[in-house]
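Coordinates in review
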Amino acid sequence: FDDRDGFIWFDGKLIPWRDAKVHVLTHGLHYGSSVFEGERVYGGTVFKLAEHSERLVRSGEILGMTVPYSADEINAATNETIKANNIVDGYVRPIAWRGSEMMGVAAQANRIHLAIACWVWPSYWSPEARMRGIRLNISDWRRPHPQTAPTASKAAGLYMICTMSKHKAEAAGYEDSLMLDYRGQVAEATGANIFFVFDGELHTPTPDCFLDGITRRTVIDIAKKRGLKVVERAIMPEELSKASECFLTGTAAEVTPVREIGPYSFTPGEISKALISDYDTLVRS
Ligand code: PMP
């Protein structure tokens, strides 16, 4: 992925893709001091760009890292990068990290860097293909207590257990993994939030120890506009036998129905279909 044409925005300017490198003694690599975003470009425009740039700055603040650009400057840099790479439908990955001036746990003098990359990435799933639904196992790893990790930050270190969970799920033939939290409650998938339909109402876990996704909030709004009742609450895995539909939400996942989670099965139905359609319309409007 590193040897190709294109431009990456790196600390204030666009540079050739191949030259966007960091030193091996980078603090972010050794100690996980990095925060990032994932954004989608639809028809040349990033959906909810301002929200993503603001979350990036906030994620850094939570880790005590001041990203040296404002959200407005990050918005402008993102648009410049998309234009330089001629992206119409794609994905954007901004990342901020502590540099390599000092090596050790403390990194007070280390510069905070910011880079923004983007690439072509259409949303290939047709609504019909999406409606088949994906299969999840249940991970052995649990989302940590907010006093154990900076759970409100989109911090790279939090993804360590996500990669381990997803690799194990894929090795067993599943597409993704459902992660419970430290209390044993349903939390989210490895890179997406989760919703269930119980008796025609939309239920989703309260985001008190995992990311309150931008897509999650968008889908809650869309559902309310449709007149659906939306309930945010603690959901225990045993309850899933009573859910009729289930879907994931996220920038990458968009709205993706789930047909199986371990022993529980769901039938992607009318509510999933309606929300997929409303989301597709909204991101391109
Ligand atoms: N949870 C995790 C762990 C994620 O990585 C993501 C993707 N950023 C989400 C939830 C969904 O967030 P969003 O809708 O803002 O993309």
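Just so we're clear, the structure is a prediction, and the values are computed from it rather than from any experiment.

1. Some remarks on the pairing of strand β11 (residues 193-198)
- Most of β11 is tucked away, with five of its six residues classed as buried.
- Inspection of the sheet shows β11 paired to strand β14 (residues 245-250) by five bridges, in the antiparallel sense. What sits directly across from V197, in β14, is E245.
- Sheet topology places β11 next to strand β12 (residues 201-205); three bridges connect them, and they run antiparallel. Bridge pairing in β12 places F196 opposite H203.
- In this antiparallel pair of consecutive strands, β11 and β12, the connection spans two residues, and D199 shows a positive phi of 50°.

2. Quick word on the domain arrangement of the chain
- Domain boundaries assigned for the chain yield domain 1 (7-120) and domain 2 (127-283).
- Centre-to-centre separation of domain 1 and domain 2, based on C-alpha positions: 26 Å.
- With 17 residues of domain 1 at the contact, the number on the domain 2 side is 11 residues.
- Going through the elements one at a time, β3 (34-36), β4 (39-42) and α2 (49-62) are the ones with two or more residues in the side of domain 1 that touches domain 2.
- Looking at which element gives the most residues to the side of domain 1 that touches domain 2, the answer is α2, with five residues.

3. Structural notes on the pairing of β12
- Counting buried residues in β12 gives four out of five residues, a clear majority hidden from the surface.
- The pairing of β12 with strand β13 (residues 230-233) spans four bridges and is classified as parallel. Across the sheet, the residue bridging to P205 is R233, located in β13.
- As a crossover connection, the stretch from β12 through helix α6 (residues 214-225) into β13 is right-handed.

4. Considerations on the packing of α2 against helix α3 (residues 71-84)
- Where α2 contacts α3, the two axes come as close as 9 Å, and the packing angle between them is 125°. By the angle between their directions, the pair α2 and α3 is classed as oblique. Read as a crossing pair, α2 and α3 show a hand that is right-handed. Two secondary-structure elements touch here, α2 through L49, A50, S53, E54, L56 and V57 and α3 through A71, I74, N75 and T78.

Reading the values: the criteria
- Residues numbered from 1 in each chain as written.
- Predicted model: local features only at pLDDT ≥ 70, side-chain atom pairs only at ≥ 80, totals over all residues.
- Buried ≥ 20, exposed ≤ 12 C-beta atoms within 10 Å, placed from the backbone.
- Helix = DSSP H or I, 4+ residues; strand = E, 2+ residues; numbered from the N terminus.
- Pairing = 2+ DSSP bridges.
- Domains from an automatic or database assignment.
- Contact = placed C-beta atoms within 7 Å.
- Right-handed = clockwise from strand over helix to strand, strands pointing away.
- Axes fitted to C-alpha atoms, helices over the stretch in contact; angles between N-to-C directions.
- Parallel < 35°, antiparallel > 145°, perpendicular 65-115°, else oblique.
- Left-handed = near helix turned anticlockwise from the far one by under 90°.

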